[in-house]
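Fold and contact review
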Amino acid sequence: MKAAVVIFPGSNRDVDVIDALTAVSGKEPLLIWHRNTELPKADLIVLPGGFSYGDYLRSGAMAARSPILKEVTVRAQAGVAVLGICNGFQILTEAGLLPGVLMANRDLKFVCRNIHLKVERTDTVFTERYAEGQVIRVPVAHHDGNYFSDSETLTRIEGEGQVAFRYCTPEGHLDDSVNPNGSINGIAGVYNENRNVLGLMPHPEDHIDESQSCADGRPLFESLVESLA
Amino acid sequence: MSDAEPIITAELIAEHGLSESEYRQAQDILGRDPNLTELGIFSVMWSEHCSYKSSKKWLKTLPTEAPWVICGPGENAGVVDIGDGQAAIFKMESHNHPSFIEPYQGAATGVGGILRDVFTMGARPIANLNCLRFGEPENSKTRHLVAGVVAGIGGYGNCIGVPTVGGECTFHESYNGNILVNAMTVGLADADRIFYSTAAGAGNPVVYVGSKTGRDGIHGATMASAEFDEAAEEKRPTVQVGDPFTEKLLLEACLELMDTDAIVAIQDMGAAGLTSSSFEMAGKGGMGVELNLDHVPQRETGMTPYEIMLSESQERMLMVLKQGREDEARRIFEKWELDFAVVGHLTESGRMVVTMHGAVAADLPIAPLANASPEYDRPWTAASTPNEIHAADIPVPNGTELPEVSVALEKLLSSPDLASKRWVWDQYDHLVMGRTVQRPGGDAAVVRLPGTDKALALTADCTPRYCAAFPRSGGAQAVAETWRNLTAVGARPLGITDCMNFGSPERPEIMGQFVECIEGMREACLALDYPVVSGNVSFYNETNGAAIQPTPAIGGVGVIDSIDAMATIALKADGNDLVLIGECNGHLGASLYLREIAGISEGAPPPVDLEIERRNGDFVRKQIMEGRFVSCHDVSDGGLLVAIAEMALASATPRGTMLGAHLHLDTDIPLHALAFGEDQGRYIVEIDPVGTEDLLAAAAAKDIPTRRLGRCGSEALTINGEQTISLSVLRRAHEGWLPNYMAG
């Protein structure tokens, strides 16, 4: 699998995802500066976490209009796998590649802690190494992770199975008390209609090996390596 | 400017914080009266904050050398060799005064400033820590200050993408009018690629990079060199505004330029901005500088030379490049969309000549300002010896006069200083970069070094109530506690940075606290082979004559050779033995038990026997490195029972189950004194029972006292089969205080 990581001014979890991709695939990803207008051929495009353009104006809004996003959009529409994590998720919604928006957390505070996610489906290139309904533990670290969409869109994405992950208890129950940001329906990640684009707020790239206290994020990258090899 | 040059009056001199004798010294240096810009430059260069004029004499007594020290105090940060061609670069700095006035921006720019100090030297920052002191929770300002400071630290560190992995946060009425915000950054560099601030090479260009200069922060250094009164809030305009996004760009651009060999010297523009950075670089190299302020990127129109020279606008750097390398450097900064301007060049003159609009705005000799600032030997008085308090003097807890031990434990764990600070660190991204292997809440944070099994252990500590009770013990204890925290995770301690927070040095009793804390620190550094490599002094932390408790915050850094042999505090398995290493004397003086349970803030702090500290610590570290302990925790605030409870609470699984212990505490010492005494040099270890006898024998062979404490098991702590404390109750108390307080 050949991966390309897009670097925006203010990206900061680029290191984490580069390390994760390298550890799992054995190959270092290509690094693409945001002002590039051309993307090299890649099986996976990653928009990493961080604070692109300082998150000024609105999280992800300016990065969504940077030159490289035109090319990312073309590739996404052509079926190339695109993964947006945290700020990358915000950019994908701002760019219209994913439905919904990410608002400020319910309590208006940054939150960094481990949470549990329920894997909603395992028939995608991102999740085939997980078990159906598996509960995984990964961290969140964000200020604007409160997923929202209008009711029509919500009905559609729920109906089409576009929800990728939901916040849940360690036992797998949906419960508002473990929802770290107020996301509607506990949504932590969503797919596009074709399920080749995934955006999620939590950071599977920070739970790759046991030295990080947990390796539940690793199968996501293993899935990609296996399906996109 | 020149047409409106004001007359230098006595009032103007006083407003600039210069004494009459300092002004006369300035006149002597110049052979004439300074103009306003020059007066401003003297004012900031000779401010306490920049010149260390009251502290220098004593700071010089601290040990700063060891075979592994690459660079001690005097540069932007200290540098230690961590092996394999790598170096750790670190420093802690105060941002107290601005944070009280404007907590979010004050704290945020404190983080920004210390990050720049570290990456200026060629290091990529890999971790932040902080030491926070707030007033008593009941004070009407405290909640607002905690919220603002924590959000500000998080806002800056989270955005720039450096994990905030550890620190301290405590409360005391002496900080009601002067909170402390001490920020520490640790960076990683190649040992042969360290960048320094000594200017060299006449004709070499002086280059300004980063943000534009505005009118913010003018005289911040002078503000930090005076005490507060009711009018403190009026100083709000002198607090700078931070932009972590620009700092992230500046970090990446500087590191990219540092990959070339174009840089001769580099210095961040921190306190006293362009003035101190240019004077310090030139002063160290014995060079002169011609600066043309017309070329300085400016955010506002009509700025005067005085304002440009004294602005403390953030996210700026000054560097001396090799001649002819300007374009190469410019391309890098333009890629990162940052200002880049050649603002002058080095000369052989030894003078700072500042021009603007074709006129000379200042012309000053550099050496007398940079290297020969006033130095004071301020009068000081020794602290009186506090009275010893014995366990027998304190009523035995019987449930009436004083609560039973189990009840006291719950109260202690939910007291402001011991309560969980999860509410704080949840707001700090402590995981970004993906290398945090011990998160906040343990003895020391541990951050793995990329591509290796090695790691750095990091901690920041101080016990101000000990320093207030007896400064010499308190100073030694602060150093020893950091050393112990590093040891408890299995790290070899390498060195410290100190952030010395005190009241006004012009009062002999405060100066005495400073002198004696330093003396204690010196003894500890020597005994533990643990030098000071960087630091900062913040005096004048007082309001209307009421000073803070003396607070020499210490940041410690150690190295772990393999994270496989690292210890954590969480209890691991049913049936394991718990053993105390070190001696119990039941010392209750100046303890948290005394303050929080008995309501007495008195007594001598626990003595710090540095020889024993070293012996016990070296023993524990060796055992950890050999993989003999299942867990380890040092005993500090709150004593033995609090430490055991912390180990049990840390064992919580994601589903919330916890592992407790059946404790058998010998009552050779009264139970409350054994449970809550704060004797130093102690560790609790969890060990597989098959190894216990060997451990006890190995300790005995080194004359190290040990004590069997009991065995892991159940979901509670039971004491001598009599008292049982539910861990879920303890957890609720421990985790609940801060969020409930903040919601209040």
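See above for the structure.
Reference entry: report on the structure contained in this document. (Residues numbered from 1 in each chain as written. Chains lettered and ligands numbered in written order. Predicted model: local features only at pLDDT ≥ 70, side-chain atom pairs only at ≥ 80, totals over all residues. Heavy atoms only, no water.)

1. What about the packing of helix 18 (residues 471-488) of chain B against helix 19 (residues 508-528) of chain B?
Residues and elements named next belong to chain B.
- Where helix 18 contacts helix 19, the two axes come as close as 6 Å, and the packing angle between them is 40°. By the angle between their directions, the pair helix 18 and helix 19 is classed as oblique. Remark: the crossing between helix 18 and helix 19 carries right-handed chirality. Counted together, Pro471, Arg472, Gly475, Ala476, Val479, Ala480 and Trp483 of helix 18 and Gln513, Glu516, Cys517, Glu519, Gly520, Met521, Glu523, Ala524, Cys525 and Leu528 of helix 19 form the full contact between these two elements.
- Across the contact of helix 18 with helix 19, the residue classes break down as 10 nonpolar, three polar and four charged. (Axes fitted to C-alpha atoms, helices over the stretch in contact; angles between N-to-C directions. Helix = DSSP H or I, 4+ residues; strand = E, 2+ residues; numbered from the N terminus. Parallel < 35°, antiparallel > 145°, perpendicular 65-115°, else oblique. Left-handed = near helix turned anticlockwise from the far one by under 90°. Contact = heavy atoms within 4.5 Å. Nonpolar A, V, L, I, M, F, W, Y, C, P; charged D, E, K, R; others polar.)

2. Overview of the pattern of salt bridges
- Per the stated rule, a full pass over the model turns up 63 salt bridges over all chains.
- For Asp117(B), the salt bridge is made with Lys91(B), and the minimal N-O distance between the two is 4.0 Å. With Asp117(B) in helix 7 (residues 103-119) and Lys91(B) in strand 3 (residues 86-94), this pair connects stretches of sequence that are 26 residues apart. A single burial state applies to Asp117(B) and to Lys91(B), both of which are buried.
- Across the salt bridge formed by Lys622(B) and Glu626(B), the nearest N and O atoms sit 3.2 Å from each other.
- The exposure class assigned to Lys622(B) is partly exposed, which follows from its relative accessible area of 48%.
- Overall, Glu626(B) belongs to the partly exposed group, its relative accessible area being 39%.
- Because the salt bridges share partners, they merge into one network encompassing Arg13(A), Asp16(A), Asp206(A) and Asp429(B). (Salt bridge = Lys/Arg side-chain N within 4 Å of Asp/Glu carboxyl O. Buried < 20%, exposed > 50% of the residue type's maximum accessible area, 1.4 Å probe, protein only.)

3. Details of the sheet that holds strand 3 of chain B
All names here are of chain B.
- Spatially, six strands are ordered 1-2-3-6-4-5 in an open sheet, and the strand pairing comes out mixed. Lying at the two open borders of the sheet, with one neighbouring strand each, are strand 1 (69-71) and strand 5 (164-171). This sheet shows a mean twist of 20° between the axes of neighbouring strands, independent of strand direction.
- Sitting on the sheet, helix 7 touches strand 3, strand 4 (124-134) and strand 6 (180-190), and the angle it makes with strand 6 is about 25°. (Pairing = 2+ DSSP bridges.)

4. Some thoughts on the nonpolar core
- Counting residues in hydrophobic clusters, the biggest one holds 126 residues, and the most contacted among them are Leu44(A), Leu83(A), Phe165(A), Met319(B) and Phe333(B).
- No other element matches the nine residues that helix 10 (residues 244-258) of chain B contributes to this core.
- Not counting the four nearest positions on each side in its chain, Leu83(A) is found in contact with Leu44(A), Ile45(A), Val46(A), Leu47(A), Leu92(A), Phe126(A), Leu198(A), Leu200(A), Leu220(A), Phe221(A) and Leu224(A).
- Listed in part, the 56 residues of the second largest apolar core include Ala488(B), Met511(B), Ile518(B) and Val532(B). (Core = buried A, V, L, I, M, F, W, Y, C linked by side-chain atoms within 4.5 Å.)

5. Comments concerning the environment of Ile308(B)
- Locating Ile308(B) in the fold gives a position in helix 12 (residues 305-310).
- Residue classification places Ile308(B) among the buried positions, given a relative accessible area of 0%.

6. Here's the deal with the packing of aromatic side chains
- One pass over the structure, following the stated rule, counts 15 aromatic pairs over all chains.
- Ring geometry for Phe126(A) versus Tyr191(A): centroids 6.1 Å apart, planes at 35°, classification tilted. Note that Phe126(A) is positioned in the loop between strand 6 (111-119) and strand 7 (135-142) and Tyr191(A) in strand 10 (residues 187-191), a separation of 65 residues in sequence. Neither Phe126(A) nor Tyr191(A) differs from the other in exposure class; each is buried.
- A ring pair is formed by Tyr593(B) and Phe676(B), whose centres lie 4.9 Å apart and whose planes are at 10°; its orientation type is stacked. (Phe/Tyr/Trp six-rings, centres within 6.5 Å; stacked < 30°, edge-to-face > 60°.)

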